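Structure assessment
Residue strings, one per chain:
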Amino acid sequence: MPHDGHDHTEPPSDIALRVKSLESLLVEKGLVDPAALDALVDRYEHRVGPQNGKKVVTRAWTNPDYLQWLRDDPNAAIGDFGFTGRQGEHMVIVENTPEVHNLVVCTLCSCYPWTVLGLPPVWYKSAPYRSRAVSEPRGVLAEFGTALDDDVEIRVWDSTSEMRYMVIPERPAGTGGWSAEDLETLVTRNAMIGVEKAKKPADAPGAAA
Amino acid sequence: MNGAHDLGGMHGLGPINPEPETEERRFHYDWERSAFAVTIATAMLGRWNIDVSRHSRERQHPIDYLKNSYYENWFAGTKTLLVETGLVTTEEIAQGRALTPPTDPESIKVPGPDEVLNAVKAGRRADLDDVVTPALATGDKVRVKNFHPIGHTRAPRYTRGRVGTIERLHGVHIFPDTHKDGVVEGYTLYCVRFDAAELWGADADGPGAVFVDLWEPYLDPA
């Protein structure tokens, strides 16, 4: 949530004026092409997002050969969908099991696998998440309503390099025979960061019964 | 540098209070779109790299870094780099208009929409083809150096002096500490596993571990 709490109906804030002023200056000086700015916003607001990661997860759930490919060569396996590019050049997948739960953070900035999850949510980039995910992961998970058994090992992946981590959540019970399309309704973006588990069939109305 | 960006293990920053995923918007204000796109597009002018860019945000005053929203920090860093590389002046930023002639189009290549999209789709790998023999192997115990560089580093404070185990090798990656100065040199990058109790002692909140990607110069055998 933006820290100043203003909504869109109020007059432009100081930061809005300063950013727009810099953008106009750069256009006037011929240092940015406004059409290029629009193209970047369009791509990352509308075209790249968690819908990509959901396809990777459901194929991993339904195709053991694909899961093995993801383990052995994640860039190629994810690239098979065409999900390649900036902030996804060096992918690693980490798999949740009944004994191990994985959680991804970037304590130093906001590194995140754009190619499969899009731009990170505000909370992922926030100081509270970045400070606590490494030292207090159970408390962090509890804030997302996620409770794990006391003996589950939590593995936190701090994205300090250009390696980018995506969690493959556990496939929920009772989904045998589901199509990939229906399975996608159970995969949340938060589950692919590791702050939640995949949804149970009962929590995904509209999916296959 | 031991800046406000190095947040791992810090206390007192409040609850996470996440927006529900189903109600989330990608950008919350129109100026965030502009701050995002201007930052990506000006980086493509080739005057700075990703580590220079990260360092421009983290060397803000700690109070500013923590007070700013995320895209305010992007905006602050981009402004700093535009001035430091001479692309614009502080006076021009203050007045919001060009005071020196527009940049000679012959001297600088401004990417258009197709070029920016091709660039982000292609990405830019951070590993190098250098042939380097790793000094460490999977399973080795290592201790992160107790060092406090003033410049850019990607060794979080909470790992320094701590003992971990090499989990895997990622190959030879550009070393951020010198990349910040424009130098491209490669060192082996390791994924190091630290048990939660090694990092947080008795305050660790359950069985677990933190995995951190660390370059060879950060590590000593333990």
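Structure: see above.
What this report covers is the structure whose coordinates are included nearby. These numbers were taken from a predicted model, which means no experiment stands behind them.

Brief notes about the state of the cysteines
For the structure shown, the criterion picks out zero disulfides over all chains. Cys 109 of chain A carries a free sulfur, and the closest cysteine sulfur to it, the one in Cys 111 of chain A, is 3.6 Å from it. Relative accessible area serves as the criterion here: at 12%, Cys 109 of chain A is assigned to the buried category. Its sulfur unpaired, Cys 191 of chain B is 14 Å from the next cysteine sulfur, which belongs to Cys 106 of chain A.

What to know about the sheet that holds strand S3 (residues 153-158) of chain A
Taken in spatial order, the seven strands line up as S2(A)-S3(A)-S4(B)-S3(B)-S2(B)-S1(B)-S5(B) in an open sheet, and their pairing is mixed. Two strands in the sheet have a free side with no partner beyond their single neighbour: strand S2 (100-105) of chain A together with strand S5 (219-221) of chain B. Taking the axes of each pair of neighbouring strands and ignoring which way they run, one obtains an average angle of 35° across the sheet. As paired strands, strand S2 (residues 163-174) of chain B and strand S3 (residues 186-195) of chain B are joined by seven bridges and run antiparallel to one another. Note that in S3 of chain B the partner of Val 172 of chain B across the bridge is Thr 188 of chain B.

Observations concerning the interface of chain B and chain A
On the chain A side, the residues contacting the 94 residues of chain B number 91 residues. A buried area of about 8000 Å², summed over both sides, lies between chain B and chain A, and 60% of it is on carbon and sulfur atoms. Put simply, chain B and chain A have six salt bridges between them. Here Arg 189 of chain A ties to Glu 24 of chain B by a salt bridge, and the two come within 2.8 Å at their closest N and O atoms.

Remarks on the pairing of S3 of chain B
Residue and element names in this part refer to chain B. With eight of 10 residues buried, S3 is to be regarded as a mostly interior element. Looking at chain direction, S3 and strand S4 (residues 208-215) are connected through seven bridges and run antiparallel. Across the sheet, Tyr 190 pairs through a bridge with Leu 214, a residue of S4.

As for the packing of aromatic side chains
All names here are of chain B. By the definition in use, this model includes 26 aromatic pairs over all chains. Centroid distance Phe 27 to Tyr 71: 5.9 Å. Interplanar angle 40°. Geometry classified as tilted. Taken together, the positions of Phe 27 in the segment before helix H1 (30-43) and Tyr 71 in helix H4 (residues 70-84) put the pair 44 residues apart, joining distant regions of the chain. What makes Phe 27 buried here is its relative accessible area of 2%. Aromatic side chains Tyr 29 and Trp 31 sit 6.4 Å apart centroid to centroid with 15° between the ring planes, which places their arrangement in the stacked category.

Parameters and conventions
- Residues numbered from 1 in each chain as written.
- Chains lettered and ligands numbered in written order.
- Predicted model: local features only at pLDDT ≥ 70, side-chain atom pairs only at ≥ 80, totals over all residues.
- Heavy atoms only, no water.
- Disulfide = S-S within 2.5 Å.
- Buried < 20%, exposed > 50% of the residue type's maximum accessible area, 1.4 Å probe, protein only.
- Pairing = 2+ DSSP bridges.
- Helix = DSSP H or I, 4+ residues; strand = E, 2+ residues; numbered from the N terminus.
- Axes fitted to C-alpha atoms, helices over the stretch in contact; angles between N-to-C directions.
- Contact = heavy atoms within 4.5 Å.
- Buried area = accessible area lost by both parts, 1.4 Å probe.
- Salt bridge = Lys/Arg side-chain N within 4 Å of Asp/Glu carboxyl O.
- Phe/Tyr/Trp six-rings, centres within 6.5 Å; stacked < 30°, edge-to-face > 60°.

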